[in-house]
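Here are the chains, one letter per residue:
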Amino acid sequence: MSGHATNLRLKLPAICFLLQLFTIILFAVFVRYDQETSARLWHEELSHHNKSNRDNDFYFRYPSFQDVHTMIFIGFGFLMTFLKRYGFGSVAFNFLIAAFAIQWSTLIQGFFHSFHDGKIHIGIESMINADFCSGAVLISFGAVLGKTSPIQLLLMALFEVTLFGINEYILLSAKDAGDSMTIHTFGAYFGLMVSRVLYRPQLDKSRQREGSVYHSDLFAMIGTIYLWLFWPSFNSAITAHGDDQQRTVMNTYFSLAASTLATFAMSALINGEGKLDMVHIQNAALAGGVMVGTSGEMMLTPFGAMIAGFLAGLVSTLGFKFLTVTWVLRKVYRVHTHRGQV
Amino acid sequence: MSGHATNLRLKLPAICFLLQLFTIILFAVFVRYDQETSARLWHEELSHHNKSNRDNDFYFRYPSFQDVHTMIFIGFGFLMTFLKRYGFGSVAFNFLIAAFAIQWSTLIQGFFHSFHDGKIHIGIESMINADFCSGAVLISFGAVLGKTSPIQLLLMALFEVTLFGINEYILLSAKDAGDSMTIHTFGAYFGLMVSRVLYRPQLDKSRQREGSVYHSDLFAMIGTIYLWLFWPSFNSAITAHGDDQQRTVMNTYFSLAASTLATFAMSALINGEGKLDMVHIQNAALAGGVMVGTSGEMMLTPFGAMIAGFLAGLVSTLGFKFLTVTWVLRKVYRVHTHRGQV
Amino acid sequence: MSGHATNLRLKLPAICFLLQLFTIILFAVFVRYDQETSARLWHEELSHHNKSNRDNDFYFRYPSFQDVHTMIFIGFGFLMTFLKRYGFGSVAFNFLIAAFAIQWSTLIQGFFHSFHDGKIHIGIESMINADFCSGAVLISFGAVLGKTSPIQLLLMALFEVTLFGINEYILLSAKDAGDSMTIHTFGAYFGLMVSRVLYRPQLDKSRQREGSVYHSDLFAMIGTIYLWLFWPSFNSAITAHGDDQQRTVMNTYFSLAASTLATFAMSALINGEGKLDMVHIQNAALAGGVMVGTSGEMMLTPFGAMIAGFLAGLVSTLGFKFLTVTWVLRKVYRVHTHRGQV
């Protein structure tokens, strides 16, 4: 289509330049290094608070950050390649949208959460949060794959990141402050859930895909397995240092393992032909990790995490609508629990 | 085959549910957080032993754990995709089996190695050991790829993980205790070796594969290179903190590099057509790393590690039987050495 | 071709064995563990300097090292697979050459930078530098892909690694010592640039590639995205501990994001058909990261890094010759700046 081509040729550069220049200007006005990335502020920390360089948050969070980063750009990028027609586009547009979303969400989340003295202060934790927010956008991207131009996708990212930030802010205000972490994570998963509902119909079409999908399925497995592998890092990336971070990793690890067995079982049970369905297996990559996303740092016990993952695997394979309901229930439950704690 | 389909449709869900529920019950009864993952115990550590959160073992081991985790699910998962017919199945069944094996081996290894006060206490180190044990199972899986149903594979994992645990326990009892690490590692490699012997005949058939294998070989290279890349993490993941961990990484790094050159040389020499054989190159991913697996933390010297890797590359390409023999000799030698030390 | 086959069959093993044995001998004579990998020296450090095991450089650098290692073997290995004819060869020869180059550059860089008491002392930092140097060789490899035998490639690696070491040494001597880091990094990027000039003509042929390139492009995206993902680790792997390492990561992160938008925009603008060009997108993986490579640890400010990345993306897509010019200008500028500082 030459119309589409002209569109891309002129409008895509225009929107890219506009968004990037706008973002650069806002960064110039508002964004500054935080106390762990600013040479002056960190050296003040070192001398006044008896710290050493190894106390820099970088060493507690950077490995987790790189795992999350891999989930966003490899995991989500390749997850959709099983829709054979959109293989290369899926990865390339994922790349473009995520590269914009991490910049824009640094601004939006910064305004709501780390804005003081008229500036946004950023460091490794804001980078992780920016990647989280991109993840929510990328799942929505799955819902509209093949139906929208990259221009619409960029505008969707602009809108959704902003909404995500406002949503988080409202949830946070409802609480008496304190550990914003739970709410942050909840916000991330809320975004995931909302978009999964939209996303479902598209995925179900995968059964009608024509022809051989051999290699496409293998590429999609790269995405799936990276999401599964690094979900413990996703859940633990911004939890408190020490036992919390290790416990979150462990709970997610066992939840995912149990969710995988449940998913394979349900997939074989449901499919008439007795074959495993790629889409079901991809659920295993999400359900178990999502399920312990807001509670991963709690003293769930390993078997509690396994039960949670097992149920998540069952339910998500049976149908996502049911999971959405349990999700809303858990949300209500958790807000109450937290209010009780404060 | 509709028989096979029915089998999968009913028996696979049954065995998955059974194994998962059985595992969850055993976890509920026996498995507890260790002192680094339990909020109460870790805070006791912090206050009584003048520790800080950065002393949590998580920060010493988590990056290595994620590398090992990638080896198990991406490395082994894609290693077998060069057998073109089993590409997707290779990755998917690898996923299922490993997800079960990490749970089951947490139990088995826990009973033998960290059982006190009637409970198994787990943390990042048990997760690494569980992944190691899964690795042994996954190599055996290679031997039977395409000949067995996922049900048989799950039962094989159940059996092999149990045997692996007993094997380790016996080897450990033969020693006067102390650093169980060497024996642990030895156990892992013993499992690797035993199964490689079985695994060989199947691999050799790869030359008779029909048709184009272009993309299949590229997928297999993803698996191979991840195994090679992260082998230093595999060997160092549970060695002592500090110089030991760094030295093990360095020895493995040089051993693998030398083993790669030796493998390419031998592969070109052996092949009548002067072409490189994928299966030989995959050996390079294993031989050099395996060779320094039990001795990596010793003061091998870098050139010592290179000689070890170089010989391993030569020998493993020439034929695996020979390597098996040297392996048994090294086993005897090492047990003696250790007894001498104690 | 049987001539080519004989060549490979006899000469490749000969050159591999020769290079490997020569390297092992030089390692045996000259290479020793440094104070962080030697059991004796590290335990002296521990007792005399009030250090603990967590001060071992391993815990500051190993995660970054593994990211760099992944860039070298997966990133560069798969970058070239989009040249469909050379897919498997691209990955396999990349593997062979890099495995040799990391050994040889440990020797060459060791002679120039860590030679004292007649020995080269190595640890995690020398491993990172060895991987950096291999990166330069692998980019040159791209220039000659499909035109040279593995034997010529190994000799090219031998020569280029040596030249790279001499080049760094000369640049370093021109300075009054102090932080060699900048020059090291500059050396690495100089190598990258030189070879990119050669490399360009080959890449431009990609447009004339025949037939379907669907899967080849997806494999190439694996390489591209891993380079992009881990460039923050590449730039920060050997910067000073603490704020410097975190700031370098953050500057590179934002530079890459801005460079990606600029690249997509320019690619759509330039292409007659309004289609995205794979080769352009691959530039995004390099330009933004390279641009802040020598300045990443400075107080660039996040928006400064974004401007740098944005310009790099524009310029590298427009044509590499122009970038080469700005590069030379920056080189002159930086040498002056540094001289001014000293």
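The preceding data block contains the structure.
Just so we're clear, the structure is a prediction, and the values are computed from it rather than from any experiment. (Residues numbered from 1 in each chain as written. Chains lettered and ligands numbered in written order. Predicted model: local features only at pLDDT ≥ 70, side-chain atom pairs only at ≥ 80, totals over all residues. Heavy atoms only, no water.)

A. Just the packing of helix α9 (residues 243–270) of chain A against helix α3 (residues 58–79) of chain B, in detail. Where α9 of chain A contacts α3 of chain B, the axes come no closer than 11 Å and their chain directions differ by 25 degrees. In terms of orientation, α9 of chain A and α3 of chain B fall into the roughly parallel class. Crossing hand, α9 of chain A versus α3 of chain B: left-handed. Of the residues in α3 of chain B, those in contact with Q245, Q246, V249 and Y253 of chain A of α9 of chain A are F58, Y59, Y62, F65 and H69 of chain B. Residues belonging to the contact of α9 of chain A with α3 of chain B are distributed by class as follows: 6 nonpolar, 3 polar and no charged. (Axes fitted to C-alpha atoms, helices over the stretch in contact; angles between N-to-C directions. Helix = DSSP H or I, 4+ residues; strand = E, 2+ residues; numbered from the N terminus. Parallel < 35°, antiparallel > 145°, perpendicular 65-115°, else oblique. Left-handed = near helix turned anticlockwise from the far one by under 90°. Contact = heavy atoms within 4.5 Å. Nonpolar A, V, L, I, M, F, W, Y, C, P; charged D, E, K, R; others polar.)

B. Up close: the interface of chain B and chain A. Each side of the interface is counted separately: chain B has 61 residues, and chain A has 59 residues. For the pairing of chain B and chain A, the buried interface totals around 5,500 Å² over both sides, and the portion due to carbon and sulfur atoms is 76%. Ranking the residues of chain B by area buried against chain A places Y33, F88 and F95 of chain B at the top, with a combined share of 15%. The interface formed by chain B and chain A contains 1 salt bridge. The residue R54 of chain B makes a salt bridge to D55 of chain A at a minimum N-O spacing of 2.1 Å. Counting across the interface, chain B meets chain A through 14 residue pairs in polar contact (both at pLDDT 80 or more). Counting residues per element, the ones that place at least two in the side of chain B that touches chain A are α1 (2–30), β1 (31–33), α2 (39–48), α3, α4 (87–113), α5 (124–143) and α8 (214–236) of chain B. (Buried area = accessible area lost by both parts, 1.4 Å probe. Salt bridge = Lys/Arg side-chain N within 4 Å of Asp/Glu carboxyl O. Polar contact = N/O pair within 3.5 Å; in protein donor to acceptor, adjacent residues only side chain to side chain.)

C. View of the nonpolar core. In terms of nonpolar packing, the biggest core is built from 277 residues, with M221 of chain A, M221 of chain B together with M221 of chain C touching the most fellow members. If near-sequence neighbours (up to four positions away) are discounted, M221 of chain B is found in contact with M278 and I281 of chain B together with F78, F88, V91, A92 and F95 of chain C. (Core = buried A, V, L, I, M, F, W, Y, C linked by side-chain atoms within 4.5 Å. Buried < 20%, exposed > 50% of the residue type's maximum accessible area, 1.4 Å probe, protein only.)

D. Structural view of the side chain of S64 of chain A. Relative to the helices and strands, S64 of chain A is located in helix α3 (residues 58–79). Not counting residues within four places of it along the chain, the set of residues in contact with S64 of chain A comprises S233, S236, A237 and Q245 of chain A together with Y62 of chain B.

E. Region of the structure containing the sheet that holds strand β1 (residues 31–33) of chain A. Residues and elements named next belong to chain A. Spatial strand order, β1-β3-β2: 3 strands in an open sheet with mixed pairing. The sheet terminates laterally at β1 and β2 (115–116), the two strands that pair on one side only. Here β1 pairs with strand β3 (residues 119–122) via 3 bridges, running parallel. Along β3, the bridge assignment pairs Y33 with I122. (Pairing = 2+ DSSP bridges.)

F. View of the relation of the copies chain B and chain A. For the pair chain B and chain A, the best superposition has an RMSD of 0.0 Å and corresponds to a rotation of 120 degrees with a translation of 0.0 Å parallel to the axis. One copy is carried onto the other by what is essentially a three-fold rotation axis. Relative to the rotation axis, the closest C-alpha in chain B is found at P63 of chain B, a distance of 3.6 Å. When the interface residues of chain B are mapped onto chain A, a mere 11% of them are again interface residues, pointing to distinct binding faces. (Least-squares fit on C-alpha atoms with pLDDT ≥ 70 in both.)

G. Quick look at the interface of chain C and chain A. Taken together, the contact pairs 59 residues of chain C with 60 residues of chain A. Taken over both partners, the interface formed by chain C and chain A buries close to 5,500 Å², and the fraction arising from carbon and sulfur atoms is 76%. By the criterion of area lost to chain A, the three top residues of chain C are Q246, Y253 and L261 of chain C, representing 14% of everything that side buries. In this assembly, chain C and chain A are joined by 14 residue pairs in polar contact (both at pLDDT 80 or more). Among the secondary structure elements, those contributing two or more residues to the side of chain C that touches chain A are α3 (58–79), α8 (214–236), α9 (243–270), α10 (278–291) and α11 (302–318) of chain C. In terms of residues, the side of chain C that touches chain A owes the most to one element, α9 of chain C, which gives 19 residues. For the side of chain C that touches chain A, the residue count by class is 39 nonpolar, 13 polar and 7 charged.

H. The arrangement of the sheet that holds strand β3 (residues 119–122) of chain C in detail. On the basis of which strands lie adjacent, the open sheet formed by 3 strands has the order β1-β3-β2 (chain C) and mixed pairing. Of all the strands in the sheet, the pair left with one neighbour each is β1 (31–33) and β2 (115–116) of chain C.

I. Main features of α2 of chain B. When we look at burial in α2 of chain B, the residues that qualify are W42, E45 and L46 of chain B. Seen along its axis, α2 of chain B keeps its buried residues to an arc of 95 degrees; they face one direction. Those residues of α2 of chain B that are exposed and aimed more than 90 degrees away from the buried face are R40, S47 and H48 of chain B. Against α9 of chain A lie the buried residues of α2 of chain B. (Arc of directions from axis to C-beta.)

J. Fine view of the packing of aromatic side chains. Overall, the coordinates contain 69 aromatic pairs over all chains when judged by the stated rule. Aromatic side chains F100 of chain C and W104 of chain C sit 6.1 Å apart centroid to centroid with 20 degrees between the ring planes, which places their arrangement in the stacked category. Highlighted residues: F100 of chain C and W104 of chain C, both in helix α4 (residues 87–113), separated by 4 residues, approximately one helical turn. When its relative accessible area of 0% is taken as the criterion, F100 of chain C is described as buried. With relative accessibility at 8%, the residue W104 of chain C sits in the buried group. Among the aromatic side chains, those forming a connected cluster through ring pairs are F27, F58, Y59, Y62 and F65 of chain A together with F60, Y253 and F254 of chain C. (Phe/Tyr/Trp six-rings, centres within 6.5 Å; stacked < 30°, edge-to-face > 60°.)

K. The arrangement of the pattern of salt bridges in detail. All told, the structure shown has 21 salt bridges over all chains when counted by the stated rule. With its nearest N and O atoms 3.2 Å apart, the salt bridge here joins R61 of chain C to D57 of chain C. Pair check on accessibility: R61 of chain C and D57 of chain C agree, each one buried. A single salt-bridge network, built from bridges that share partners, covers D57, R61 and E125 of chain A.

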